[in-house]
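The residues making up each chain are set out below.
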Amino acid sequence: MGIVERIKEIEAEMARTQKNKATEYHLGQLKAKIAKLRTQLLEPPKGSSGAGEGFEVTKFGHGRVALIGFPSVGKSTLLTMLTGTHSEAASYEFTTLTCIPGIIHYNDTKIQLLDLPGIIEGASEGKGRGRQVIAVSKSADIVLMVLDASKSEGHRQILTKELEAVGLRLNKRPPQIYFKKKKTGGISFNSTQQLTHVDEKLCYQILHEYKIHNAEVLFREDATVDDLIDVIEGNRKYMKCIYVYNKIDVVGIDDVDRLARQPNSVVISCNMKLNLDRLLAKMWEEMGLVRVYTKPQGQQPDFTDPVVLSADRGGCTVEDFCNHIHRSLVKDVKYVLVWGTSARHYPQHCGLAHMLADEDVVQIVKKKEKEDGGRGRFKSHSNAPARISDREKKAPLKT
């Protein structure tokens, strides 16, 4: 029996099992088994020679956004509208067969937008090149899930389920669970607050399913069984996602109003060019990019080419800003002067740990190189040799 058949068999067993106090341990073990099998499904087959055919493109710009959705929902048209890059669009499904990159120039930054082939139900099991599409989307900073406003709401749940099956968690934060494997000592189970979904016995059973018999587990929040399995697996990626409802020009105003009021959702129409500016503003807000402008000493700030930082790519402190310019600059910094919303007064003397905000202006003051022994009459020692034998002998006087 293959891995996919085993997963379907366990899912059928979970569907048959009633959910109550007596069966929660059994359901927890089944969830752990499914997570293990899905991890095996994502691993490349043993004995495979070299890299397979993929469509990963080189990272470019200050951020990366991936377009994910069912076929023929308007992903290629949206890429063409936002970036100017031509991506073939037609009225039949699977027009796009590979990854097509484009560049959005927005707020002095360059954001790479990836148009990916449409994914279908069963993509996490490899149907329709689904695994390659989802692998490329894992490398993005943010996901735009493009949906058809005229179709049923079930499409959103299907796509979310397919992405979660391969370890992508949309609009969630990592669970507050500390987990560390040990060599000896058994399993240590602790929690800082009352747990309603997991108890010590269930935690032991899930760890034994993974053949882990020595570990330290600390719950800092009331987490679920799925959160515990995610922490044990350790290969989950937590990403921000914006749900983009296209083709709002073919539905009624009541439906548009309902969709626009949902969290993390934007309604647009590529055909009539409606609300595209709001989509760009929402994308910028979610990515959290920080533009920092440099100011040389005694000169005006350079507002043409900012240094772009983000919390996902390195951090937004002064030290990260210095490392972005050059790795050796940090050890030469004496202090920095900061103008902008992160400063309490203008200019503020800051150290390396100061957090920078968007559109701050920074001037770096470097340490001065010390001269040996001072200068002029304040010299602490002469330039003469230390030993008498090293002194130059004067030529004998002519008589």
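Scroll up to find the structure this text is about.
Read on for a plain summary of the structure. (Residues numbered from 1 in each chain as written. Predicted model: local features only at pLDDT ≥ 70, side-chain atom pairs only at ≥ 80, totals over all residues. Heavy atoms only, no water.)

**A short note on the overall build of the protein chain**
Helices and strands together make up the secondary structure of the protein chain, namely 10 helices and 15 strands. Counting all 399 residues of the protein chain, 42% fall into the buried class. Of the accessible surface of the protein chain, which amounts to about 23,400 Å², a share of 50% is contributed by carbon and sulfur atoms. (Helix = DSSP H or I, 4+ residues; strand = E, 2+ residues; numbered from the N terminus. Buried < 20%, exposed > 50% of the residue type's maximum accessible area, 1.4 Å probe, protein only. Areas by Shrake-Rupley, 256 points an atom, 1.4 Å probe, with all protein chains shown as cover.)

**Examining the pattern of salt bridges**
Enumeration according to the criterion identifies 13 salt bridges in this entry. Ionic pairing is found between Asp226 and Lys31, a salt bridge with its closest N-O pair at 3.8 Å. On the criterion of sequence distance, the pair formed by Asp226 in helix 7 (residues 225–233) and Lys31 in helix 2 (residues 24–42) is long-range, its members being 195 residues apart. The salt bridge involving Arg258 is made with Asp255; its shortest N-O contact spans 3.8 Å. On the criterion of helical spacing, the pair formed by Arg258 and Asp255 is a turn pair, its members being 3 residues apart in helix 8 (residues 253–260). Residues joined by salt bridges that share partners form a network here, namely Asp148, Lys151 and Lys247. (Salt bridge = Lys/Arg side-chain N within 4 Å of Asp/Glu carboxyl O.)

**Looking at the pairing of strand 13 (residues 333–339)**
Consecutive side chains of a regular strand alternate in pointing toward one face of the sheet and then the other. Pairing between strand 13 and strand 15 (residues 360–366): 6 bridges, direction antiparallel. Directly across from Val336, in strand 15, lies its bridge partner Ile364. Relative to strand 14 (residues 348–350), strand 13 is paired through 3 bridges, and the arrangement is antiparallel. Of the residues in strand 14, the one forming a bridge with Leu337 is His349. (Pairing = 2+ DSSP bridges.)

**A short note on unusual backbone geometry**
A cis amide bond links Tyr346 to the next residue, Pro347, at an omega of -15°. If you trace the backbone, Pro347 turns up in the loop between strand 13 and strand 14. Positioned with a positive phi, Asn275 is a non-glycine residue whose angle comes to about 65°. Residue placement: Asn275 occurs in the loop between strand 10 (265–267) and helix 9 (276–287).

**Considerations on the sheet that holds strand 14**
Across the sheet, which stays open at both edges, the 5 strands sit in the order 12-11-15-13-14 with mixed pairing between neighbours. One side of each edge strand has no neighbouring strand; the edge strands of this open sheet are strand 12 (302–309) and strand 14. When the angles between neighbouring strand axes are averaged without regard to direction, this sheet yields 40°. Pairing between strand 11 (residues 290–294) and strand 12: 4 bridges, direction antiparallel. (Axes fitted to C-alpha atoms, helices over the stretch in contact; angles between N-to-C directions.)

**A word on the nonpolar core**
Among the nonpolar cores identified, the biggest contains 53 residues, and Leu78, Leu144, Leu279 and Met283 are the most heavily contacted of them. In contact with Leu279, not counting residues within four places along its chain, are Leu78, Leu82, Leu144, Val244, Val266 and Ile268. (Core = buried A, V, L, I, M, F, W, Y, C linked by side-chain atoms within 4.5 Å. Contact = heavy atoms within 4.5 Å.)

**Quick look at the sheet that holds strand 8 (residues 215–219)**
Spatially, the 3 strands line up as an open sheet ordered 6-8-7, and their pairing is mixed. Of all strands in the sheet, those with a lone pairing partner are strand 6 (177–181) and strand 7 (187–191), marking the two edges. Ignoring strand direction, the axes of neighbouring strands in this sheet form an average angle of 5°. Note: strand 6 against strand 8, 5 bridges, orientation antiparallel. Bridging from a neighbouring strand, Tyr178 pairs with Leu218 of strand 8. This element, helix 6 (residues 200–209), spans strand 6, strand 7 and strand 8 of the sheet and lies at about 140° to strand 7. Packing against the sheet, helix 7 makes contact with strand 6 and strand 8, and its axis sits at approximately 40° to strand 6.

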